[in-house]
Amino acid sequence: MTRKFSRRPVVGVPCDVKLLGAHPFHAVGEKYIAAVEGGAHTKPVLLPVPRLSDGGFDLERELDEIFALCDGIFLTGSLSNVHPRNYGGTDPREGVLLDEQRDALTLDLIRASVARGVPIFCVCRGFQEMNVAFGGTLHQHLQETESEKGYAPRFDHREQKDDPLDVQYGPAHEVELTPGGIFEKILGTRTISVNSLHGQGVARVADALAVEGRAPDGTVEAMSVRDARAFALGVQWHPEWKYWENPVSQKLLRAFGDAVREAASVRDTEGR
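Residues numbered from 1 in each chain as written. Predicted model: local features only at pLDDT ≥ 70, side-chain atom pairs only at ≥ 80, totals over all residues. Heavy atoms only, no water.

**Student:** What am I meant to see in the pattern of salt bridges here?
**Tutor:** Between side chains of opposite charge, a pair can form when the charged atoms approach closely. Taken as a whole and assessed by the stated rule, the structure comprises 20 salt bridges. Put simply, D16 and K18 hold a salt bridge, and the shortest N to O gap is 3.9 Å. For K18, a relative accessible area of 31% corresponds to the partly exposed category. The salt bridge involving R102 is made with D16; its shortest N-O contact spans 2.7 Å. Of this pair, R102 sits in helix α3 (residues 100-116) while D16 sits in strand β2 (residues 16-20), and the two are 86 residues apart along the sequence. Note on accessibility: R102 and D16 belong to one class, buried. Here the salt bridges do not stand alone but share partners, grouping D16, K18, R102, D103, R125 and E129 into one network. (Salt bridge = Lys/Arg side-chain N within 4 Å of Asp/Glu carboxyl O. Buried < 20%, exposed > 50% of the residue type's maximum accessible area, 1.4 Å probe, protein only. Helix = DSSP H or I, 4+ residues; strand = E, 2+ residues; numbered from the N terminus.)

**Student:** Just to check I follow, could you spell out the packing of aromatic side chains for this structure?
**Tutor:** Given two aromatic rings, one states the distance between the centres and the angle between the planes to describe the pair. Under the definition given, this model contains eight aromatic pairs. When the ring of Y169 is compared with that of W241, the centres are 4.3 Å apart and the planes differ by 15°; the resulting orientation is stacked. Here Y169 is found in the loop between α5 (165-168) and β8 (173-177), whereas its partner W241 is found in the loop between β13 (232-235) and α7 (247-270), with 72 residues between them in sequence. A residue is classified by how much of its surface remains accessible, and Y169, at 14% relative accessible area, is buried. Ring centres of F231 and F256 lie 5.5 Å apart, and the angle between their planes is 55°; this geometry places the pair in the tilted category. (Phe/Tyr/Trp six-rings, centres within 6.5 Å; stacked < 30°, edge-to-face > 60°.)

In structure tokens:
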């Protein structure tokens, strides 16, 4: 008996470039792969980022090849930060980890995904990339800035690195969602509790983006792309962490997966 094959929709996950010993590796944290596969019920495929030293990177061909393969895009968090030259920021302090190879792909990939109606979900660094991709700016050291006008005093959004992981990724503060926004519709509530493990944050919100949620100190925690044809959301927290224990994470990943499945169905109907 021949088993009928039904493909899972494919979600592209751009890699980070990390030094392991003396050698650079393209890598994605397992927790993100697990969330894309188990939470969104899609097939994660890791996307290498350009080797800038080669000098032969063809961005348009790269994007065409990615979209020929992928039905959705998931942008992960990372220990690295977006290079401030991408948003006109001051030079980074010594010791700040950057990843210009990732920047060279993801900023254009975000814009192209939205333009082509490809579902995209952006987490932590990905959330910050989404803002930068559309012309927004970042606070490089969020804890050193004043809180947003009309909100509580700024607090430190960074994790305590000596704490156990379950403590680092545990509930840290509430997020008040925008009334009538996309997140409120997906989650069915106005207030959620999230983890917090970031030193940078959104400063000026890009005009193309809508704020969907803020922390008590006014820090932007959730955004959507205005008038996007498909799912195009980002969050500053980490919904991938033990998503199976968190109803908010489950709902967000399921909504992303549903959007990817719909996009894949349309592509299969029209012919890939």
